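What the coordinates show
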Number of protein chains: 2
Amino acid sequence: MSSITLIGTGNMARTIGTRAVAGGNTVEVMGRDQSKADDLAKALGGGTTAGKWGAVPTGDIVITALLHDGVVPAVTEYGDALVGKAIVDISNPFNAAFDGLAHSEPTSIAQEVAKIAPAGASVFKAFNTIFRGVLEQGRPDVFFAGDDSQAKADVAAFIESLGLRPLDVGGLKMAHWLEGMGVVTVGLAGHGVGHGNFALGANEVTA
Amino acid sequence: MSSITLIGTGNMARTIGTRAVAGGNTVEVMGRDQSKADDLAKALGGGTTAGKWGAVPTGDIVITALLHDGVVPAVTEYGDALVGKAIVDISNPFNAAFDGLAHSEPTSIAQEVAKIAPAGASVFKAFNTIFRGVLEQGRPDVFFAGDDSQAKADVAAFIESLGLRPLDVGGLKMAHWLEGMGVVTVGLAGHGVGHGNFALGANEVTA
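From a predicted model like this one, the values you see are computed outputs, not experimental measurements.

1. Looking at the side chain of Gln111 of chain B
Residues and elements named next belong to chain B. Relative to the helices and strands, Gln111 resides in helix α4 (residues 109-116). Engagement of the side chain of Gln111 in a polar contact is seen with the side chain of Ser108, the distance being 2.7 Å. Once residues lying within four places of it in the same chain are set aside, the contact partners of Gln111 are Pro106, Leu172, Lys173, Ala175 and His176.

Laid out in structure tokens, this is it:
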């Protein structure tokens, strides 16, 4: 099992935290608002602790469960507290119309995080193709990308502990295309597919 | 059933043509090399005809089953012969490393086709997330994008006639992200997923 820290106290932190506790992982929660972190830790149970914003996380895997424009600022603020950590960005940087990305360059939040993360940290993109309700109720595939092969095995093991299938799409530059798959997911939902109650996955062929 | 024209005589033309004939569609094949078009039409059977390169296609739906760098030149060459047609681009404009797109701008072959297609044509992206072998043997989901709602219904009906599920991801600008999903598909295969014998799909949630 893994030791993870959730930076963020919103809906995605709660949903991933719930699955993480159910999967037997050690979970820590951190939030700018300490009372929210305390409340979420209590709600998650299973020995979940609340850390202090900006302190060294107890988790080897640090999930930034933040809105997309909060991820780089938070990682910047944590700075060397994240040395040696696997940082997992789950955000969707949609544009205002939800039909494209907010960045004009072919980058991703995860790639921007990698630019400012401390040496010895590794950065991943994961979970962003999954609606929260689907992550709560289903067994969606989890597409993920990252460059560090050892840490990647750890992230894959964590995803498996959630009862989900990790699908390695390649290096961190693929995070841009995973963000695009987030746009496609919203596009499909907007065109009536599955009443939004679906997730993209990789389906083996049966004749 | 639909009336389609395949521009191209390669493997994808053969695969889509085979399914199209099996689905009861009227099929025409066109190739720069007339003898290849004649041969493919004969091989497909089911009343498949071979048209003449550059002539007005008999099909209402025209599928450019060409390598990505051949699509815009072919549509340019056909010019007004494509007035009123639904043009379906199926190409994957991969870069040399197969880990990104060949264009540096956030565009797609389909969007570039739309820029030079004659007035009264509508352009779609479809089929590019599916390996040929999977399209031959399986029942993969077909993600597609386009702007013209009436022609979109026709394209969806054609996809259904192939025994496949059309998944409307939105307007033609989504073609860029569908091309990105092509990159992800190759990335997954390169990281061992399904031995390449899979396709991306949209899976409804079951608890």
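2. Describing the interface of chain A and chain B
In this complex, chain A contributes 37 residues to the contact, which on the side of chain B involves 38 residues. Between chain A and chain B lies a buried interface of about 3,100 Å² when both sides are counted; carbon and sulfur atoms form 66% of it. Summed over the three residues of chain A that lose the most area to chain B, namely Trp177, Asn203 and Val205 of chain A, the buried surface amounts to 21% of that side. The tally of links between chain A and chain B comes to two salt bridges. In this structure, the salt-bridge partner of Lys173 of chain A is Asp99 of chain B, at a minimum N-O distance of 3.4 Å. For the pair chain A and chain B, the interface holds eight residue pairs in polar contact (both at pLDDT 80 or more).

3. Focus on a negative patch on the surface
Residues and elements named next belong to chain A. Side chains of Asp60, Asp147, Asp148 and Asp154 sit close together on the surface and give a patch of like negative charge. Here Asp148 shows up in the loop between β7 (141-146) and α6 (149-161). Using a relative accessible area of 35% as the deciding quantity, one classes Asp148 as partly exposed.

4. With respect to the relation of the copies chain A and chain B
Each of the two chain copies can be brought onto the other by rotation about an axis and movement along it. Take chain A, turn it by 180°, move it 0.0 Å along the axis, and it overlays chain B with an RMSD of 0.0 Å. Those values place the two copies in the arrangement expected of a two-fold rotation axis. Using C-alpha coordinates, one finds that chain A approaches the rotation axis most closely at Gly201 of chain A, a distance of 2.7 Å. Of all interface residues in chain A, 100% are interface residues in chain B too; the two copies therefore contact each other through one and the same surface.

5. Regarding helix α7 (residues 175-190) of chain B
Residue and element names in this part refer to chain B. Across its 16 residues, α7 extends 23 Å between first and last C-alpha, which sits within 8% of the 22 Å expected from 1.5 Å per residue. When you tally the buried positions in α7, you get 13 out of 16 residues, the bulk of the element. Gly192 sits one or two residues past α7 and shows a positive phi near 90°.

About the cut-offs
- Residues numbered from 1 in each chain as written.
- Chains lettered and ligands numbered in written order.
- Predicted model: local features only at pLDDT ≥ 70, side-chain atom pairs only at ≥ 80, totals over all residues.
- Heavy atoms only, no water.
- Helix = DSSP H or I, 4+ residues; strand = E, 2+ residues; numbered from the N terminus.
- Polar contact = N/O pair within 3.5 Å; in protein donor to acceptor, adjacent residues only side chain to side chain.
- Contact = heavy atoms within 4.5 Å.
- Buried area = accessible area lost by both parts, 1.4 Å probe.
- Salt bridge = Lys/Arg side-chain N within 4 Å of Asp/Glu carboxyl O.
- Patch = residues over 30% accessible without salt bridge, like charges linked within 9 Å, V, L, I, M, F, W, Y side chains within 5 Å.
- Areas by Shrake-Rupley, 256 points an atom, 1.4 Å probe, with all protein chains shown as cover.
- Lys, Arg positive; Asp, Glu negative; His and termini not counted.
- Charge placed at Lys NZ, Arg CZ, Asp CG, Glu CD.
- Buried < 20%, exposed > 50% of the residue type's maximum accessible area, 1.4 Å probe, protein only.
- Least-squares fit on C-alpha atoms with pLDDT ≥ 70 in both.
- Expected span 1.5 Å × (residues − 1).

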